[in-house]
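Residue strings, one per chain:
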Amino acid sequence: MKLFFASVATIAMTSCATMSTPAGFGSIYADIKTGEHVTSNDCGTKVGTASATNILGLVLLGDASINAAAKSAGIKKISHVDSEKKSILGIFATYKVIVYGE
Amino acid sequence: MAVGQELGGFYKQSIHPEGLLYFIFPQQIPVSKNRKSIGKKALLYDYTYLDSRDSVTLLMTTNTTEPFIPDSLIISENSKNPIIKRNLTILYVETKGKHWIARTKTKMAFEEWINLYSCKTSPQYTFTSKEKALSLTYSNNERNWKKVSRKFQKIQELIKINRIRKNE
């Protein structure tokens, strides 16, 4: 009986740490890079990142804001922003923001 | 030449009006074991390199139990002659819970960067603060050093090849 409930709980929790992407959901595995924003500022030489993690859809931690990423590299003028999303079996997922600028 | 290292998720290469822009995602170096150390978490560092400018920008984050504003960095192998000795620029200092986080920046020449990752043994990173007369040391274990240095050597090889192609 315990094994049955544990299995049901596990199945219920899967896909809780998945993310939507322009290419759709990746329930089993996702590793995708996408563009987020573009500005009219010149392409910069500085790069900053910030990330957040999701565990089982129950615990979400981190600061994946554009502000955090820009601050980490001392970027004052943002040229464009990309993101990287990874998730494994809906159990563990990360979202990373990459900011380019000057 | 380093071969066989999987670099997925380790670096990013982008087109830039002045050439190719390389970014090495944040890596970690553990605090050197010392009971009196104010270092709480591993050093986080990342590199940015634009191939037309020949200088590598190194950004670092220190996490300490008390306020610590590092103003200089020495990277040395076997605590002997320093490979790199630089003053640091502070980007910002902030608190997170009970810890103090300092984000600093410095630059080095491409050749110095190559020399750093050619070291046979894991180099030691020592941050000093004149204001507080304190120092903070980080060092990788040899196994991690071999793994990380091979990845960096592969990227440096890639940069050299792209530079040659660009000049042709």
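For the structure, check the block above.
In this text the structure is predicted, and so the values were computed from the model without any measurement.

## Quick word on the sheet that holds strand E9 (residues 124-129) of chain B
All names here are of chain B.
At step 1: Strand order in the open sheet formed by 4 strands is E6-E5-E9-E10, and the pairing between neighbours is antiparallel. Both outer strands of the open sheet, strand E6 (82-87) and strand E10 (134-139), are each paired with one neighbouring strand and no more. Across the sheet, the axes of successive neighbouring strands diverge by a mean angle of 15°, strand direction being ignored.
At step 2: Inspection of the sheet shows E9 paired to E10 by 6 bridges, in the antiparallel sense. By the bridge assignment, Thr128 is partnered in E10 with Ser135.

## What to know about the side chain of B:Ser72
At step 1: Relative to the elements of secondary structure, B:Ser72 occurs in strand E5 (residues 72-76).
At step 2: Leave out the neighbours within four places in its chain, and B:Ser72 touches B:Arg86, B:Asn87, B:Leu88, B:Thr126, B:Phe127 and B:Thr128.

## Points about helix H2 (residues 66-73) of chain A
At step 1: Among the residues making up H2(A), those that are buried are A:Ala68, A:Ala69, A:Ala70, A:Ser72 and A:Ala73.
At step 2: For H2(A), the secondary structure elements touched by its buried residues are strand E2 (46-55), strand E4 (78-88) and strand E5 (92-101) of chain A together with strand E4 (55-64), strand E7 (89-96) and strand E8 (99-109) of chain B.

## Examining the interface of chain A and chain B
At step 1: Listed by partner, the interface residues are 16 residues for chain A and 18 residues for chain B.
At step 2: In total, about 1,300 Å² of surface goes out of reach between chain A and chain B, with carbon and sulfur atoms giving 59% of it.
At step 3: Of all residues in chain A, the largest losses of buried area upon contact with chain B belong to A:Thr45, A:Val47 and A:Lys71, amounting jointly to 36% of the total for that side.
At step 4: Across the contact surface, chain A and chain B share 2 salt bridges.

## Overview of the packing of aromatic side chains
Aromatic ring pairs are reported here in terms of the distance separating the ring centres and the angle at which the planes meet.
At step 1: One pass over the structure, following the stated rule, counts 15 aromatic pairs over all chains.
At step 2: With centroids separated by 5.2 Å and ring planes inclined at 50°, the aromatic side chains of B:Tyr47 and B:Trp113 adopt a geometry described as tilted. Here B:Tyr47 is found in strand E3 (residues 43-50), whereas its partner B:Trp113 is found in helix H1 (residues 110-116), with 66 residues between them in sequence. Across this residue pair, the class does not change: B:Tyr47 and B:Trp113 are buried.
At step 3: Measuring from centroid to centroid gives 5.5 Å for B:Tyr47 and B:Phe152, while their planes differ by 80°, and the two rings are edge-to-face. Separated by 105 residues along the polypeptide, B:Tyr47 in strand E3 and B:Phe152 in helix H2 (residues 142-167) bring together distant segments of the chain. This pair shows no difference in class: B:Tyr47 is buried, exactly as B:Phe152 is.
At step 4: Seen from the ring of B:Tyr92, A:Lys71 lies directly overhead, with NZ or CZ sitting 4.6 Å from the centre.
At step 5: Cation over ring: A:Lys96 sits above B:Phe25, and NZ or CZ is 4.1 Å from the ring centre.

## Notes on the environment of B:Ser14
At step 1: You can see B:Ser14 is positioned in strand E1 (residues 11-16).
At step 2: By relative accessible area, B:Ser14 is classed as buried at 16%.
At step 3: When neighbours within four sequence positions are excluded, B:Ser14 is seen to be in contact with A:Tyr100, B:Gly19, B:Leu20 and B:Leu21.

## Some points on the pairing of E8(B)
Each regular strand carries side chains that alternate between the two faces of the sheet.
All names here are of chain B.
At step 1: Counting buried positions along E8 yields 8 of 11 residues, so the element is predominantly enclosed.
At step 2: The pairing of E4 with E8 spans 10 bridges and is classified as antiparallel. Along E8, the bridge assignment pairs Thr57 with Lys107.
At step 3: Here 7 bridges tie E7 to E8, and the two strands are oriented antiparallel to one another. Note on E8: the bridge partner recorded for Val93 is Ala102.

Calculation notes
- For every chain, the first residue of the written sequence is number 1, and numbering continues from 1 onward in sequence order.
- Chain letters start at A and ligand numbers start at 1, both assigned in the order the entries are written.
- Local features in this predicted model are restricted to residues of pLDDT 70 or higher, and side-chain atom pairs are both shown and tallied only at a pLDDT of 80 or more, whereas totals for entire chains, interfaces and linings draw on every residue.
- Water and hydrogen atoms play no part in the side-chain values, which are based on all heavy atoms of the structure.
- Pairs of strands are assigned from DSSP output, requiring at least two bridges between the strands.
- For the purposes of this entry, the term helix denotes a DSSP run of H or I that reaches at least four residues, the term strand denotes a run of E that reaches at least two, and both are numbered from the N terminus.
- Angles run from 0 to 180 degrees between N-to-C directions of axes, and those axes are lines fitted to C-alpha atoms, restricted for helices to the stretch in contact.
- The contact definition used throughout considers only heavy atoms, calling two residues in contact when any of these lie within 4.5 Å.
- Exposure categories follow from relative accessible area, calculated using a 1.4 Å probe and restricted to protein chains: below 20% of the type maximum is buried, above 50% is exposed, and the middle band is partly exposed.
- Accessible surface is computed with a 1.4 Å probe, and the buried area is the amount of it that two parts give up when combined, taken over both parts together.
- Any carboxyl oxygen of Asp or Glu that lies within 4 Å of a side-chain nitrogen of Lys or Arg is treated as forming a salt bridge with it.
- The rule is short: rings of Phe, Tyr and Trp, with Trp giving its six-membered ring, pair when the centres are within 6.5 Å, and they are stacked under 30 degrees, edge-to-face over 60, tilted in between.
- By definition, being over a ring means that NZ of Lys or CZ of Arg is both within 6 Å of the ring centre and within 35 degrees of the ring normal.

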